[in-house]
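# Chain and residue survey
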Amino acid sequence: QVQLVESGGGLVQAGGSLRLSCAASGRTFSSYTMGWFRQAPGKEREFVAAHDWSNERTYYADSVKGRFTISRDNAKNTEYLQMNSLKAEDTAVYYCAAKRSIFGSSYIARNYDYWGQGTQVTVSS
């Protein structure tokens, strides 16, 4: 049974920082792509960042490039999303996800096989 558990969300003022964690259990994700998506009320789920653990490549949405950093801790089987210079428009529920296949765009939610329950991030302006 694969489980992804996010944590680290909360309320922060604009310009502040948060670090989200995604703990993976059930198997080793050494060859997976781990992604972060977010969904604001009334909007579709959108891509935020991804990290291909097989080749260490990282990908970011233009809206977060330069502010967010995706990384991992192998020993803890955990993926992180460091979010700096937060803006009100970053407010959303953030989800981590895991993609098994090397095929299929890492930017597209439907290509991911496993999802966490989500963690709320609220940025006050």
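Up top is the structure.
It should be emphasised that the depicted structure is a prediction, and the values quoted were computed from it without experimental measurement.

Quick look at the sheet that holds strand E7 (residues 68-73) now. In spatial order, the strands read E1-E3-E8-E7; together these four strands make up an open sheet with antiparallel pairing. One side of each edge strand has no neighbouring strand; the edge strands of this open sheet are strand E1 (3-7) and E7. Taking each pair of neighbouring strands and ignoring which way they run, the sheet shows an average axis angle of 20°. Strand direction decides the pairing type here: E1 and strand E3 (residues 18-25), joined by five bridges, are antiparallel. Note that in E3 the partner of Leu 4 across the bridge is Ala 24.

What follows deals with the pairing of strand E5 (residues 46-52). Among the seven residues in E5, six count as buried, and that is most of the element. What sits between strand E4 (residues 33-39) and E5 in their antiparallel hairpin is a turn of six residues, with Gly 42 showing a positive phi close to 80°. In this structure, E5 lies alongside strand E6 (residues 57-60), joined through four bridges in antiparallel fashion. Note on E6: the bridge partner recorded for Ala 50 is Tyr 59. Hairpin geometry of E5 and E6 is characterised by an intervening segment of four residues between the two adjacent antiparallel strands and by a positive phi of about 65° at Glu 56.

Bringing the packing of aromatic side chains into the picture now. For the structure on display, the rule yields eight aromatic pairs. Note on Phe 37 and Tyr 112: the rings are 5.1 Å apart at their centroids and 80° apart in plane angle, and the pair reads as edge-to-face. Linking Phe 37 in strand E4 with Tyr 112 in the loop between strand E9 (92-99) and strand E10 (114-115), this pair joins segments that are 75 residues apart in sequence. When sorted by exposure, Phe 37 lands in the same class as Tyr 112, which is buried. Ring pairs connect the aromatic residues Phe 37, Phe 47, Tyr 59, Tyr 95, Tyr 107, Tyr 112 and Trp 115, which therefore count as one cluster. The ring of Trp 115 carries the charged tip of Arg 45 above its face, separated from the ring centre by 4.8 Å.

Calculation criteria
Residues numbered from 1 in each chain as written. Predicted model: local features only at pLDDT ≥ 70, side-chain atom pairs only at ≥ 80, totals over all residues. Heavy atoms only, no water. Pairing = 2+ DSSP bridges. Helix = DSSP H or I, 4+ residues; strand = E, 2+ residues; numbered from the N terminus. Axes fitted to C-alpha atoms, helices over the stretch in contact; angles between N-to-C directions. Buried < 20%, exposed > 50% of the residue type's maximum accessible area, 1.4 Å probe, protein only. Phe/Tyr/Trp six-rings, centres within 6.5 Å; stacked < 30°, edge-to-face > 60°. Lys NZ or Arg CZ within 6 Å of the ring centre and 35° of its normal.

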